[in-house]
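# Residue-level structural notes
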Amino acid sequence: MLRTLNRVLLGLAGVVLVCVGGAVLAAGLGLSVPSWWPWYGRSDVLLSQADRDRWRGEGWWWPAVITALAIVVVLALWWLLAQPRRARLAEVLVDSGDGEGALLRGRALEGVLADEAGSLDGVARAQVVLTGRRSSPHARIRLLMEPHAAPDETLGRLADEALAHARDSAGLAQLPAEVRLRAVKHRAERVS
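Rules of the game
- Residues numbered from 1 in each chain as written.
- Predicted model: local features only at pLDDT ≥ 70, side-chain atom pairs only at ≥ 80, totals over all residues.
- Heavy atoms only, no water.
- Helix = DSSP H or I, 4+ residues; strand = E, 2+ residues; numbered from the N terminus.
- Rg over C-alpha atoms; globule rule 2.2 N^0.38 Å.
- Buried < 20%, exposed > 50% of the residue type's maximum accessible area, 1.4 Å probe, protein only.
- Lys, Arg positive; Asp, Glu negative; His and termini not counted.
- Charge placed at Lys NZ, Arg CZ, Asp CG, Glu CD.
- Core = buried A, V, L, I, M, F, W, Y, C linked by side-chain atoms within 4.5 Å.
- Contact = heavy atoms within 4.5 Å.
- Salt bridge = Lys/Arg side-chain N within 4 Å of Asp/Glu carboxyl O.
- Phe/Tyr/Trp six-rings, centres within 6.5 Å; stacked < 30°, edge-to-face > 60°.
- Pairing = 2+ DSSP bridges.
- Axes fitted to C-alpha atoms, helices over the stretch in contact; angles between N-to-C directions.
- Patch = residues over 30% accessible without salt bridge, like charges linked within 9 Å, V, L, I, M, F, W, Y side chains within 5 Å.
- Areas by Shrake-Rupley, 256 points an atom, 1.4 Å probe, with all protein chains shown as cover.

Before going further, it helps to spend a moment on the overall build of the protein. Counting its regular elements, the protein contains 5 helices and 5 strands. Tracing the protein from N to C terminus, the helices and strands come up as α-α-α-β-β-α-β-β-α-β. Against the globule reference of 16 Å for 192 residues, the protein gives a C-alpha radius of gyration of 28 Å, more extended than a compact globule. Taken along its principal axes, the extent of the C-alpha atoms in the protein is 75 × 65 × 35 Å. Taken across its 192 residues, the protein has 19% of its residues classed as buried. Measuring between centres, the 23 positive side-chain charges of the protein sit 9 Å from its 20 negative side-chain charges.

Shown next, in the form of C-alpha coordinates:
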(Lines give C-alpha, C1' and ligand atoms only; values in the text may rest on other atoms or scores of the structure.)
Protein backbone atom coordinates (compact mmCIF):
# COMPACT_ATOMS: atom_id res chain seq x y z
CA MET A 1 0.00 0.00 0.00
CA LEU A 2 2.77 2.43 0.93
CA ARG A 3 4.71 1.60 -2.24
CA THR A 4 1.64 2.30 -4.40
CA LEU A 5 0.96 5.60 -2.64
CA ASN A 6 4.62 6.56 -3.02
CA ARG A 7 4.56 5.87 -6.76
CA VAL A 8 1.27 7.73 -7.26
CA LEU A 9 2.61 10.80 -5.43
CA LEU A 10 5.83 10.63 -7.43
CA GLY A 11 3.86 10.40 -10.68
CA LEU A 12 1.64 13.34 -9.72
CA ALA A 13 4.66 15.46 -8.78
CA GLY A 14 6.25 14.60 -12.12
CA VAL A 15 3.11 15.52 -14.07
CA VAL A 16 2.79 18.86 -12.24
CA LEU A 17 6.46 19.70 -12.82
CA VAL A 18 6.28 18.79 -16.52
CA CYS A 19 3.11 20.88 -16.99
CA VAL A 20 4.52 23.92 -15.18
CA GLY A 21 7.85 23.60 -16.97
CA GLY A 22 6.08 23.28 -20.33
CA ALA A 23 3.96 26.36 -19.62
CA VAL A 24 7.04 28.40 -18.63
CA LEU A 25 8.80 27.21 -21.78
CA ALA A 26 5.76 28.11 -23.90
CA ALA A 27 5.65 31.62 -22.39
CA GLY A 28 9.39 32.01 -22.96
CA LEU A 29 9.02 31.02 -26.62
CA GLY A 30 6.27 33.59 -27.10
CA LEU A 31 3.41 31.08 -27.49
CA SER A 32 -0.03 31.88 -26.12
CA VAL A 33 -0.58 31.07 -22.44
CA PRO A 34 -3.72 31.28 -20.26
CA SER A 35 -4.70 34.69 -18.93
CA TRP A 36 -4.13 33.65 -15.30
CA TRP A 37 -0.52 32.61 -15.99
CA PRO A 38 1.97 34.89 -14.15
CA TRP A 39 4.52 35.08 -17.04
CA TYR A 40 3.48 36.36 -20.44
CA GLY A 41 6.51 36.64 -22.65
CA ARG A 42 10.25 36.48 -23.18
CA SER A 43 11.02 39.61 -21.19
CA ASP A 44 8.96 38.58 -18.15
CA VAL A 45 10.87 37.31 -15.09
CA LEU A 46 10.13 35.21 -12.03
CA LEU A 47 11.17 37.92 -9.58
CA SER A 48 10.63 41.54 -10.62
CA GLN A 49 13.19 44.26 -10.01
CA ALA A 50 11.17 45.54 -7.04
CA ASP A 51 11.08 42.07 -5.47
CA ARG A 52 14.82 41.65 -5.89
CA ASP A 53 15.60 45.14 -4.51
CA ARG A 54 13.47 44.55 -1.42
CA TRP A 55 15.74 41.69 -0.26
CA ARG A 56 19.05 42.97 -1.62
CA GLY A 57 19.92 44.75 1.63
CA GLU A 58 19.56 41.54 3.63
CA GLY A 59 22.83 39.65 3.46
CA TRP A 60 21.33 36.35 4.59
CA TRP A 61 18.46 36.18 2.07
CA TRP A 62 20.09 34.92 -1.14
CA PRO A 63 22.39 32.36 0.53
CA ALA A 64 19.39 31.04 2.45
CA VAL A 65 17.29 30.75 -0.73
CA ILE A 66 20.06 29.01 -2.64
CA THR A 67 20.76 26.62 0.24
CA ALA A 68 17.06 25.77 0.64
CA LEU A 69 16.68 25.12 -3.09
CA ALA A 70 19.82 22.97 -3.14
CA ILE A 71 18.48 20.89 -0.22
CA VAL A 72 15.15 20.45 -2.01
CA VAL A 73 16.91 19.29 -5.20
CA VAL A 74 19.17 16.85 -3.32
CA LEU A 75 16.22 15.38 -1.37
CA ALA A 76 14.15 15.06 -4.56
CA LEU A 77 17.00 13.27 -6.34
CA TRP A 78 17.55 10.97 -3.34
CA TRP A 79 13.84 10.12 -3.30
CA LEU A 80 13.82 9.51 -7.06
CA LEU A 81 16.85 7.24 -6.94
CA ALA A 82 15.42 5.32 -3.98
CA GLN A 83 12.27 4.34 -5.88
CA PRO A 84 13.56 1.45 -8.02
CA ARG A 85 15.58 -0.10 -5.21
CA ARG A 86 14.28 -3.41 -4.02
CA ALA A 87 14.07 -3.68 -0.28
CA ARG A 88 16.11 -6.33 1.47
CA LEU A 89 13.96 -9.07 2.96
CA ALA A 90 13.93 -8.87 6.76
CA GLU A 91 12.44 -12.31 7.43
CA VAL A 92 11.43 -15.49 5.63
CA LEU A 93 8.29 -17.42 6.53
CA VAL A 94 9.15 -21.07 7.22
CA ASP A 95 6.32 -23.62 7.10
CA SER A 96 6.63 -25.57 10.34
CA GLY A 97 3.86 -28.03 9.43
CA ASP A 98 1.55 -27.08 12.31
CA GLY A 99 -0.22 -24.31 10.42
CA GLU A 100 1.51 -21.59 12.44
CA GLY A 101 4.81 -21.15 10.64
CA ALA A 102 8.02 -19.67 11.94
CA LEU A 103 10.02 -16.63 10.96
CA LEU A 104 13.65 -16.90 9.93
CA ARG A 105 15.78 -13.76 9.80
CA GLY A 106 16.60 -12.89 6.22
CA ARG A 107 20.16 -11.91 7.12
CA ALA A 108 20.74 -15.33 8.69
CA LEU A 109 19.65 -17.14 5.54
CA GLU A 110 21.72 -14.72 3.43
CA GLY A 111 24.79 -15.41 5.58
CA VAL A 112 24.46 -19.18 5.40
CA LEU A 113 23.83 -19.10 1.65
CA ALA A 114 26.82 -16.76 1.12
CA ASP A 115 29.09 -18.97 3.24
CA GLU A 116 28.10 -22.11 1.34
CA ALA A 117 28.41 -20.40 -2.05
CA GLY A 118 31.76 -18.93 -1.03
CA SER A 119 33.09 -22.39 -0.13
CA LEU A 120 32.51 -23.70 -3.67
CA ASP A 121 35.64 -24.43 -5.69
CA GLY A 122 36.65 -21.42 -7.75
CA VAL A 123 34.67 -18.84 -5.77
CA ALA A 124 36.77 -16.17 -4.08
CA ARG A 125 33.84 -14.34 -2.46
CA ALA A 126 30.05 -14.53 -2.47
CA GLN A 127 27.43 -11.93 -1.60
CA VAL A 128 23.73 -12.74 -1.21
CA VAL A 129 20.72 -10.44 -0.88
CA LEU A 130 17.18 -11.74 -0.41
CA THR A 131 14.34 -9.71 -1.91
CA GLY A 132 10.66 -10.33 -2.60
CA ARG A 133 7.98 -11.38 -0.13
CA ARG A 134 8.65 -13.37 2.99
CA SER A 135 6.61 -16.31 1.70
CA SER A 136 8.35 -16.28 -1.71
CA PRO A 137 11.85 -14.83 -1.49
CA HIS A 138 14.22 -14.23 -4.41
CA ALA A 139 17.99 -14.42 -4.08
CA ARG A 140 20.43 -12.06 -5.77
CA ILE A 141 23.86 -13.65 -5.67
CA ARG A 142 27.17 -12.11 -6.72
CA LEU A 143 30.11 -14.43 -7.10
CA LEU A 144 33.70 -13.28 -7.45
CA MET A 145 35.35 -16.03 -9.47
CA GLU A 146 38.99 -17.06 -9.24
CA PRO A 147 41.00 -17.25 -12.48
CA HIS A 148 40.96 -21.06 -12.65
CA ALA A 149 37.21 -21.43 -12.03
CA ALA A 150 34.80 -22.96 -14.53
CA PRO A 151 31.59 -20.88 -14.44
CA ASP A 152 29.29 -23.66 -15.69
CA GLU A 153 30.46 -26.07 -12.99
CA THR A 154 30.21 -23.40 -10.31
CA LEU A 155 26.65 -22.46 -11.34
CA GLY A 156 25.63 -26.11 -11.38
CA ARG A 157 27.01 -26.72 -7.91
CA LEU A 158 25.46 -23.48 -6.65
CA ALA A 159 22.02 -24.57 -7.87
CA ASP A 160 22.37 -28.21 -6.79
CA GLU A 161 24.00 -27.62 -3.42
CA ALA A 162 23.80 -24.15 -1.88
CA LEU A 163 20.41 -23.06 -3.26
CA ALA A 164 18.89 -26.51 -2.75
CA HIS A 165 20.05 -26.58 0.89
CA ALA A 166 18.67 -23.09 1.53
CA ARG A 167 15.36 -23.93 -0.17
CA ASP A 168 14.96 -27.21 1.73
CA SER A 169 15.99 -25.81 5.12
CA ALA A 170 13.54 -22.91 4.82
CA GLY A 171 10.76 -25.20 3.55
CA LEU A 172 10.28 -23.19 0.36
CA ALA A 173 8.73 -24.66 -2.77
CA GLN A 174 11.17 -22.66 -4.89
CA LEU A 175 13.97 -20.17 -4.43
CA PRO A 176 14.59 -18.29 -7.69
CA ALA A 177 18.02 -16.73 -7.95
CA GLU A 178 19.77 -14.17 -10.11
CA VAL A 179 23.48 -14.89 -10.19
CA ARG A 180 26.10 -12.43 -11.38
CA LEU A 181 29.63 -13.63 -11.98
CA ARG A 182 32.71 -11.47 -11.99
CA ALA A 183 36.33 -12.52 -12.31
CA VAL A 184 39.05 -11.61 -9.83
CA LYS A 185 41.49 -9.14 -11.33
CA HIS A 186 44.85 -10.81 -11.61
CA ARG A 187 48.16 -10.32 -13.33
CA ALA A 188 48.88 -12.18 -16.52
CA GLU A 189 50.90 -15.35 -16.06
CA ARG A 190 54.05 -15.88 -18.07
CA VAL A 191 54.36 -18.94 -20.21
CA SER A 192 57.86 -20.21 -20.79
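Next comes the rest of the write-up.
Once that is clear, we can look at the nonpolar core. By size, the foremost hydrophobic cluster in this structure holds 24 residues, and its most contacted members are Leu113, Ile141, Leu143 and Leu158. Taken together, the elements giving at least two residues each to this core come down to β1 (91–94), α4 (106–118), β3 (123–133), β4 (136–145) and α5 (151–169). Once residues lying within four places of it in the same chain are set aside, the contact partners of Leu143 are Ala117, Val123, Arg125, Ala126, Thr154, Leu158, Val179, Arg180, Leu181 and Arg182.

Further remarks concern the pattern of salt bridges. Following the criterion strictly, the structure yields 4 salt bridges and no others. Between Glu110 and Arg88 there is a salt bridge; the shortest N-O distance is 3.2 Å. Placement of the pair is Glu110 in helix α4 and Arg88 in the loop between α3 (61–82) and β1, with a sequence separation of 22 residues. The exposure class of Glu110 is buried, given its relative accessible area of 5%. The exposure class assigned to Arg88 is partly exposed, which follows from its relative accessible area of 38%. Taking the shortest distance from any N to any O, the salt bridge between Arg134 and Glu91 comes out at 3.0 Å. Taken together, the residues span a long stretch of sequence, with Arg134 in the loop between β3 and β4 and Glu91 in strand β1 at a distance of 43 residues. Note on Arg134: relative accessible area 39%, which makes it partly exposed.

Here we take up the packing of aromatic side chains. Tallying each qualifying case throughout the model produces 1 aromatic pair. Pairing Trp60 with Trp61 gives two aromatic rings, centres 5.6 Å apart and planes at 85°, and the pair type is edge-to-face. Exposure remark for Trp60: the relative accessible area of 48% places this residue in the partly exposed category.

Pairing within the open sheet is mixed, and its 3 strands lie in the order β3-β4-β5. The sheet is open, and its two edges are formed by β3 and β5 (177–183), each paired on a single side. Each strand axis lies, on average, 15° off the axis of its neighbour in the sheet, ignoring direction. Where β3 lies against β4, 10 bridges are found, and the strand directions are antiparallel. Within the sheet, the bridge partner assigned to Gly132 lies in β4 and is Pro137. In this fold α4 packs onto β3 and β4, with an angle of close to 150° to the strand it touches most, β3. Strands in contact with α5 are β3, β4 and β5; relative to β4, the strand with the most contacts, it is inclined by about 145°.

A cluster of nonpolar side chains, contributed by Leu5, Val8, Leu9 and Leu12, occupies part of the molecular surface with about 360 Å² of accessible area. Tracing the sequence through the fold places Leu9 in helix α1 (residues 2–28). Assessed through its relative accessible area of 45%, Leu9 is described here as partly exposed.

Read these as geometric descriptors, not functional statements.
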